[in-house]
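What follows is each chain in one-letter form.
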There are 2 protein chains.
Amino acid sequence: MARKSASGRIGIADVAVKAGVSHATVSRVMNGNFTVDPDIAARVRAAAAELKYQPNPVGRSLALGKTDTIGIVVPDLANPTFQAILRGLSRAAAQDGYRVLIADSFEVSSEESILAGEARRRCDGLVLCAPRMTDAELEEIVPSLHPLVLINRTTAAPDVPSLVVDYGQGVQDIAGHLVQLGHTHLAFLAGPPHSASNDMRLKALETFKAAHPDVDVTMLEGGSDFDTGHEAVDAVLASGATGILAFNDLVAMGLMSGLHERGLDIPGDISVTGFDDIPFAKYTTPALTTGAVPITELGEQAWHQLRALIRKEGNETPGGRYQPRLEVRASTGPAKAPRSTVHG
Amino acid sequence: MARKSASGRIGIADVAVKAGVSHATVSRVMNGNFTVDPDIAARVRAAAAELKYQPNPVGRSLALGKTDTIGIVVPDLANPTFQAILRGLSRAAAQDGYRVLIADSFEVSSEESILAGEARRRCDGLVLCAPRMTDAELEEIVPSLHPLVLINRTTAAPDVPSLVVDYGQGVQDIAGHLVQLGHTHLAFLAGPPHSASNDMRLKALETFKAAHPDVDVTMLEGGSDFDTGHEAVDAVLASGATGILAFNDLVAMGLMSGLHERGLDIPGDISVTGFDDIPFAKYTTPALTTGAVPITELGEQAWHQLRALIRKEGNETPGGRYQPRLEVRASTGPAKAPRSTVHG
DNA sequence: ACCACGCGAGAAAGCGTTTTCTCAGTTCTC
DNA sequence: GAGAACTGAGAAAACGCTTTCTCGCGTGGT
């Protein structure tokens, strides 16, 4: 009977007809506007319930100028770090009635700015994780993305909070831990060449080297995933280092796996550390010593910062800096007598 | 100057004014409608470029009746299985210019149907993962969710493709593998009580028991995460079983971790298997024998099915059934002489 | 030279809401 | 008892776009 109007889905007009009132009144009732007669309101609600009317969010968004949706741009959804950020963000946002639209750039940083722009236009705000984007490009697009929260990047633009993890401090803490265990030859299995967080680590290790002239720190090329770590076994062994700082937990796990295949004992022969403290880190064998980052909390904070921006509240604490906590587990131990350079 | 109209953002009207044409013409140009004079088109494009005009997707969506967005409802974003589905879905959808909106129900199945409805209304289609929802509830909401693709659930409603993994077959394959290794006492560390995929496994194990009267299969209560497995150590040991089928890889990893803490050797003392073949499964120590599910591919397929529905194409292959592949790794081995029931 | 026809672009009508504006009907005040 | 203040609900505008409708103008045919 009084089913659908033209479009197929039932809309505010159908309810209005059924209740014998105008669109406007239905809208008022649905939005809890109390300037409407209780009897009429009841009639409208009854009609709405009977027709199972649900307001069309697109029409609503257009009229209200907001979507109740935020976007997040990540370089790789397969990376546990971004998964955790997404999770924290999504949960926190959901609590305030916001949804999350995801945009995975699949590591093609050239796409990132377009993706970010598109996502932003569909949403009320954006969280941007773009570790590989150049500074120039970042500065270029940032103004058009507001309200925006950056993860592990900073910008000169105003009103753009940055949530950054102090990878520099973290990596120095780990290096210090290894040195304390008697290691005098460390190796850093670096991350992706142009990653911002990798740069932070490299710089910090330079500082560390300067402060510890007695310890040797070899830099090795790497990446950010499992396979990188696995493939780096030869290079690591060739370096002769006994304490290895992997770029992150994934790389460390790959490396450990490779070392096991070579029959080496961790930490007996060689100590391995990761970074991030992804959920699996405590279940590896041996459990991984790492720099723990409260990454889910970071996603949550990202939402709080973004929410403040969206609501145009005075953002009392713009941005935030997270100190990694050294999490000592079983993958690090006292150094053996320094090995000479081993081959194969 | 000719910056913004009222709203703050620049819109189609601003471009129209700048190019000295009507809104309609700008729209035509932006949509590649060729019925417009090349000179004018060029002028419009120039104006658009100069103003950095980008069409407002909300207005567009309202006019076109589509959002170029799909939704996915998952019970737990922390679960690698759903992360993988999301990843596959997101990547496949992105290739066709669609974005993904996520709705995490955080295991509160009472919220799932509301969440699903909300998500659906904002999107052109929905992928629903709701393992715990009752059949009745599912049947109730399914009609209002079309276009819809179900993961690991089926429905009587028409035009609702289901992508289901044959957990039953998978679990029987694993059990068979263990029996072949000489295990005569197996234990199944079950998943969440009302999960659809858990029911499939339980039923299959009954079948298996009937076909193998000589092997003992103990059922143990469990869950779906790491901690569940870890906490189940005592129960597993008490059962006396030598071949353990964990609900999934996460549970298996937790269990292995617990067994290691007890000083037990895997697979020397006890064989452990998982399910899913999450990325980490091959890097555990020992590497985990599991039922491999091409889970990312499943996400991808979900998109293809959904796309067919959205485009109203005749869906040649509605739904699909995935056979897990037995992936034998190092966590399973020959049975020791049957242990008598051990305590603590 | 005139008419029909086609082409290109502006005017206007949607899309489904919210919200302002407006006005009829009451109630209150002096 | 008449005008003012108020209340509640409908009419209409707005949100930003796409698309149909319409119409002026130029072209080709006879």
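Owing to the predicted nature of the structure, the values given are computational and were not obtained by experimental measurement. (Residues numbered from 1 in each chain as written. Chains lettered and ligands numbered in written order. Predicted model: local features only at pLDDT ≥ 70, side-chain atom pairs only at ≥ 80, totals over all residues. Heavy atoms only, no water.)

Engineer: Requested: an account of the domain arrangement of chain A, with residues and values cited.
Structural biologist: When the domains of chain A are assigned, the result is domain 1 (12-55), domain 2 (68-160 + 295-323) and domain 3 (167-289). Between the C-alpha centres of domain 1 of chain A and domain 3 of chain A the distance comes to 63 Å. (Domains from an automatic or database assignment.)

Engineer: Can you break down the packing of aromatic side chains residue by residue, with the values?
Structural biologist: Tallying each qualifying case throughout the model produces nine aromatic pairs over all chains. Measuring from centroid to centroid gives 5.3 Å for A:Tyr167 and A:Phe275, while their planes differ by 50°, and the two rings are tilted. With A:Tyr167 in helix α8 (residues 167-180) and A:Phe275 in the loop between β9 (271-273) and β10 (290-292), this residue pair connects regions lying 108 residues apart in the sequence. Summarising the burial analysis for this pair, A:Tyr167 and A:Phe275 share the class buried. Feature note: the residues A:Phe226, A:Phe280, A:Tyr283, B:Phe226, B:Phe280 and B:Tyr283 constitute an aromatic cluster, connected by ring pairs. Over the ring of A:Phe275 we find A:Arg201; its NZ or CZ atom is 5.1 Å from the centre of that ring. (Phe/Tyr/Trp six-rings, centres within 6.5 Å; stacked < 30°, edge-to-face > 60°. Helix = DSSP H or I, 4+ residues; strand = E, 2+ residues; numbered from the N terminus. Buried < 20%, exposed > 50% of the residue type's maximum accessible area, 1.4 Å probe, protein only. Lys NZ or Arg CZ within 6 Å of the ring centre and 35° of its normal.)

Engineer: Can you break down the protein's contact with DNA strand D residue by residue, with the values?
Structural biologist: The environment of DNA strand D is made up of 26 residues, and the closest members are A:Thr25, A:Ile40, B:Ile12, B:Ser27 and B:Arg60. Each atom of DNA strand D within 4 Å of the protein belongs either to a base or to sugar and phosphate, the latter forming 70%. For DNA strand D, a phosphate oxygen lies 2.6 Å from a polar atom in the backbone of B:Ile12. In this structure, a phosphate oxygen belonging to DNA strand D sits 3.0 Å away from a side-chain N or O atom of B:Asn31. With five residues, helix α4 (residues 57-64) of chain B is the largest single contributor of residues to the surface near DNA strand D. Looking at the surface near DNA strand D residue by residue, the class counts come to 13 nonpolar, nine polar and four charged. (Near = heavy atom within 4 Å. Polar contact = N/O pair within 3.5 Å; in protein donor to acceptor, adjacent residues only side chain to side chain. Nonpolar A, V, L, I, M, F, W, Y, C, P; charged D, E, K, R; others polar.)

Engineer: Can you tell me about the protein's contact with DNA strand C, naming the residues and giving the values?
Structural biologist: Lining the immediate surroundings of DNA strand C are 27 residues, of which A:Ser27, A:Arg60, B:Thr25, B:Asp37 and B:Ile40 lie closest. Within the side chain of A:Arg28, one N or O atom sits 3.4 Å away from a base oxygen of DNA strand C. Going through the elements one at a time, α2 (23-30) and α4 (57-64) of chain A together with α2 (23-30) and α4 of chain B are the ones with two or more residues in the surface near DNA strand C. Tallying contributions element by element places α4(A) first for the surface near DNA strand C, with five residues. Residue composition of the surface near DNA strand C, grouped by class: 13 nonpolar, ten polar and four charged.

Engineer: How would you sum up the relation of the copies chain A and chain B? Please name residues and give values.
Structural biologist: Once chain A has been moved 0.0 Å along the axis and rotated by 180°, it coincides with chain B to within an RMSD of 0.1 Å. Each copy turns onto its partner about a two-fold axis. Of the C-alpha atoms belonging to chain A, the one lying closest to the rotation axis is found on A:Leu101, 2.2 Å away. In this assembly the copies share their binding face: 100% of the residues contributing to the interface of chain A also contribute to that of chain B. (Least-squares fit on C-alpha atoms with pLDDT ≥ 70 in both. Contact = heavy atoms within 4.5 Å.)

Engineer: Give me the lowdown on helix α12 (residues 249-261) of chain A, citing residues and values where you can.
Structural biologist: All names here are of chain A. With 13 residues, α12 should reach 18 Å at 1.5 Å per residue; the first-to-last C-alpha distance of 18 Å fits that figure. Extensive coverage of α12 is indicated by the burial of eleven of its 13 residues. The N-capping residue of α12, defined by a side-chain oxygen 3.1 Å from the backbone nitrogen of Leu250, is Asn248. A positive phi of about 80° marks Gly263, the residue just after α12. (Expected span 1.5 Å × (residues − 1).)

Engineer: Provide a residue-level description of the sheet that holds strand β8 (residues 243-246) of chain B, including the pertinent values.
Structural biologist: To summarise the sheet geometry, strands pair through backbone hydrogen bonds and adopt either a parallel or an antiparallel arrangement. Residues and elements named next belong to chain B. With parallel pairing, the four strands of this open sheet are ordered in space as β7-β6-β8-β9. Two strands lie at the open edges of the sheet, namely β7 (216-220) and β9 (271-273), each paired on one side alone. Going across the sheet, the axis of each strand differs from the next one's by a mean of 20°, ignoring polarity. Judged from the five bridges that link them, strand β6 (residues 185-189) and β7 form a sheet pairing that is parallel. Paired with His185 across the strands is Asp216, a residue of β7. In the packing of helix α9 (residues 196-211) onto the sheet, contacts are made with β6 and β7, and the angle to β6 comes to roughly 165°. Across the sheet, helix α12 (residues 249-261) touches β6, β8 and β9, and the angle it forms with β9 is around 155°. (Pairing = 2+ DSSP bridges. Axes fitted to C-alpha atoms, helices over the stretch in contact; angles between N-to-C directions.)

Engineer: A description of the side chain of A:Thr289 should follow, citing residues and the corresponding values.
Structural biologist: All names here are of chain A. Residue placement: Thr289 occurs in the loop between β9 and β10. What makes Thr289 buried here is its relative accessible area of 0%. Engagement of the side chain of Thr289 in a polar contact is seen with the backbone nitrogen of Arg329, the distance being 2.8 Å. Side-chain polar atoms of Thr289 contact the side chain of Thr332, separated by 2.8 Å. Not counting chain neighbours up to four residues away, the residues in contact with Thr289 comprise His177, Val272, Thr273, Gly274, Leu326, Glu327, Val328, Arg329, Ala330, Ser331 and Thr332.

Engineer: Give a description of unusual backbone geometry that names residues and reports values.
Structural biologist: A cis amide bond, omega -5°, links B:His146 with the succeeding residue B:Pro147. In this structure, B:Pro147 sits in the loop between α7 (135-141) and β4 (148-151). Going from B:Ile266 to B:Pro267, the amide bond is cis rather than trans, its omega being 5°. Along the polypeptide, B:Pro267 turns up in the loop between α12 and β9. A positive phi angle, near 70°, is found at A:Glu107, a position not held by glycine. Along the chain, A:Glu107 falls in the loop between β2 (99-104) and α6 (109-122). Located in the positive-phi region is A:Lys312, a residue other than glycine, with phi close to 55°. Tracing the sequence through the fold places A:Lys312 in the loop between α13 (295-310) and β11 (320-322).

Engineer: Please give an account of the interface of chain A and chain B that cites residues and values.
Structural biologist: Bring the parts together and some accessible area is lost; that lost area is often taken as the interface size. Contact residues are listed per partner, giving 38 residues for chain A and 38 residues for chain B. Buried surface at the junction of chain A and chain B, both sides included, amounts to about 3,700 Å², of which 67% is carbon and sulfur. Sorting the residues of chain A by area buried against chain B places A:Arg121, A:Phe280 and A:Tyr283 first, and these three jointly supply 19% of that buried surface. The interface formed by chain A and chain B contains two salt bridges. Linking B:Arg99 and A:Glu118 is a salt bridge whose minimum nitrogen-to-oxygen distance equals 2.9 Å. Of all elements in the fold, only α4, α5 (80-95), β2, α6, α10 (226-231) and α12 of chain A reach the threshold of two or more residues within the side of chain A that touches chain B. Per-element accounting of the side of chain A that touches chain B gives the leading share, six residues, to α5(A). Residues belonging to the side of chain A that touches chain B are distributed by class as follows: 18 nonpolar, ten polar and ten charged. Looking at chain direction, β2(A) and strand β2 (residues 99-104) of chain B are connected through three bridges and run antiparallel. Paired with A:Ile102 across the strands is B:Val100, a residue of β2(B). (Buried area = accessible area lost by both parts, 1.4 Å probe. Salt bridge = Lys/Arg side-chain N within 4 Å of Asp/Glu carboxyl O.)

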